[in-house]
Amino acid sequence: MNGDLTRDNKLQEHASQNGAAEASSLRGETGQGNRIRVFRGFEGLPHFRHPVATIGSFDGVHLGHRALLDRLTSEARARGGESIVLTFDPHPRITLGRSEGLHLLTSLDEKIDLLERAGIDNVVVIPFDKAFSALSGREFVEHYLLGKLGAEALVAGYDHRFGHDRIDCDSLEKFGLPVIRVDERQVGGTHVSSTTIRRLVEAGNYAEAERLLGHTLRHGFPSGVSGQEVEPAPKKTARKRPSKDNDTF
């Protein structure tokens, strides 16, 4: 426990030294200056202008996410439309009972702030419950992406799958939704993912974690499965299988 507190204190000190400059730099990169709109769930959504969407947990909003978000905003601008990020609260692994060892890099508010700095126009926060997790990929596309959002295109990662049946991007296009794929992002030969960055933070390797994030860590893990600050999982705990950032949807 004392070691964990020492780790967090060092990270907070590191963040205080670098946070202000990083925030200014990140805002300067986007050049958007727009105010993001945030919606909870799909009821009462406005009419979006030529919407282009993406979906995922976006924990940490790291450089891999930024490649996806940059493509999203460029596609929306090219269509004279709006960018929409669909994300989840709580994290899908919590609802699906696979949250052991999960320590999120960003709270929901921090995630939304980073998405705003990336120039995103709209965020739809999906209450990820058992009923939503049971949707098939086709139901999700037809009822939500096409029906509720009116999405004209979807930007997705190279290996993203959708619904409890985990359909791929080719299947989505058969349902009438064009899909724009974004390739894997590597930094210095390292695959960029939230899981990789969480492990770096657990190990105290903040500099490498920040290199993959593309922004400064302001503290340790801000929220666990219950929304409270938690200790990292013991290093001896073995993972039965690697967890992907977006297991579904």
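Everything numeric in this text was worked out from a predicted model, so none of it was measured. (Residues numbered from 1 in each chain as written. Predicted model: local features only at pLDDT ≥ 70, side-chain atom pairs only at ≥ 80, totals over all residues. Heavy atoms only, no water.)

Caption draft 1: Representation of helix H9 (residues 206-213) in the model. Summarising burial for H9: 6 of the 8 residues are buried, a large majority. Of the positions making up H9, those classed as buried are Tyr-206, Glu-208, Ala-209, Glu-210, Leu-212 and Leu-213. Remark: Gly-214 follows H9 within two positions and exhibits a positive phi of approximately 85°. (Buried < 20%, exposed > 50% of the residue type's maximum accessible area, 1.4 Å probe, protein only. Helix = DSSP H or I, 4+ residues; strand = E, 2+ residues; numbered from the N terminus.)

Caption draft 2: The arrangement of the nonpolar core in detail. Grouped together as the largest cluster of nonpolar side chains are 28 residues, with contacts concentrated most on Phe-42, Leu-86, Phe-132, Leu-149 and Phe-162. At the level of elements, strand E2 (52-55), strand E3 (83-88), strand E4 (122-126), helix H6 (137-148), strand E5 (153-157) and helix H7 (169-174) are the ones that each hand at least two residues to this core. Counting residues per element, this core draws most heavily on H6, at 4 residues. Counting 20 residues, the second largest nonpolar core, distinct from the first, contains Leu-68, Ala-76, Ile-112 and Leu-115. (Core = buried A, V, L, I, M, F, W, Y, C linked by side-chain atoms within 4.5 Å.)

Caption draft 3: Inspection of the sheet that holds strand E1 (residues 37-40) at higher detail. Spatially, E1-E4-E3-E2-E5-E6 is the arrangement adopted by the 6 strands of the open sheet, whose pairing is parallel. Both edges of this open sheet fall to E1 and strand E6 (179-182), since each of them pairs with a single strand only. The sheet shows a mean angle of 25° between the axes of neighbouring strands, taken without regard to direction. Looking at chain direction, E2 and E3 are connected through 4 bridges and run parallel. Its bridge partner lying in E3, Val-52 is registered against Ser-83. (Pairing = 2+ DSSP bridges. Axes fitted to C-alpha atoms, helices over the stretch in contact; angles between N-to-C directions.)

Caption draft 4: Looking closely at the environment of Pro-46. With respect to the helices and strands, the residue Pro-46 is situated in the loop between E1 and E2. Accessibility expressed as a relative area gives 27% for Pro-46, which makes it partly exposed. Along the primary structure Pro-46 and Lys-148 are separated by 102 residues, whereas in three dimensions their C-alpha atoms are 9.4 Å apart. Contacts of Pro-46, omitting those with residues within four sequence positions, involve Arg-37 and Phe-39. (Contact = heavy atoms within 4.5 Å.)

Caption draft 5: Looking closely at the packing of aromatic side chains. As enumerated under the stated definition, the model contains 7 aromatic pairs in all. Here the aromatic rings of Phe-88 and Phe-128 are separated by 5.2 Å at their centres, their planes lie at 75°, and the arrangement is edge-to-face. With Phe-88 in strand E3 and Phe-128 in the loop between E4 and helix H5 (130-133), this residue pair connects regions lying 40 residues apart in the sequence. By way of ring pairs, the aromatic residues Phe-42, Phe-88, Phe-128, Phe-132, Phe-140 and Tyr-144 are connected into one cluster. (Phe/Tyr/Trp six-rings, centres within 6.5 Å; stacked < 30°, edge-to-face > 60°.)

Caption draft 6: Examining the confidence of the model for the protein more closely. Put simply, the protein has an average pLDDT of 79, and 73% of its residues get 70 or more. Within the model, pLDDT remains below 50 along residues 1-32, and this stretch shows 45 contacts once partners closer than five positions in the same chain are excluded. Across residues 222-248, where pLDDT falls below 50, the model places 61 contacts with residues more than four positions away in sequence or in other chains. (pLDDT = per-residue confidence, 0-100.)

Caption draft 7: Region of interest: the pattern of salt bridges. Per the counting criterion, the structure on display carries 11 salt bridges. Salt-bridge contacts for Arg-37 lead to Glu-82; the nearest nitrogen and oxygen are separated by 3.0 Å. Highlighted residues: Arg-37 in strand E1 and Glu-82 in the loop between helix H2 (63-78) and E3, separated in sequence by 45 residues. Taking the relative accessible area as the measure of exposure, Arg-37 reaches 34% and is therefore partly exposed. Between Arg-138 and Glu-142 there is a salt bridge; the shortest N-O distance is 2.9 Å. Here Arg-138 pairs with Glu-142, and both are found in helix H6, just 4 residues apart, close to one helical turn. Each of Asp-170, Glu-173 and Arg-181 takes part in salt bridges that share partners, so that together they form one network. (Salt bridge = Lys/Arg side-chain N within 4 Å of Asp/Glu carboxyl O.)

Caption draft 8: Focus on unusual backbone geometry. Across the junction of Asp-89 and Pro-90, the peptide omega takes the value 5°, indicating a cis bond. The topology assignment puts Pro-90 in the loop between E3 and helix H3 (92-95). One non-glycine residue, His-50, adopts positive backbone phi at about 40°. Residue placement: His-50 occurs in the loop between E1 and E2. On the basis of relative accessibility, which here comes to 37%, the residue His-50 falls in the partly exposed class. Non-glycine residue Arg-166 carries a positive phi angle of around 55°. By secondary structure assignment, the location of Arg-166 is in the loop between E5 and H7. By relative accessible area, Arg-166 is classed as partly exposed at 34%.

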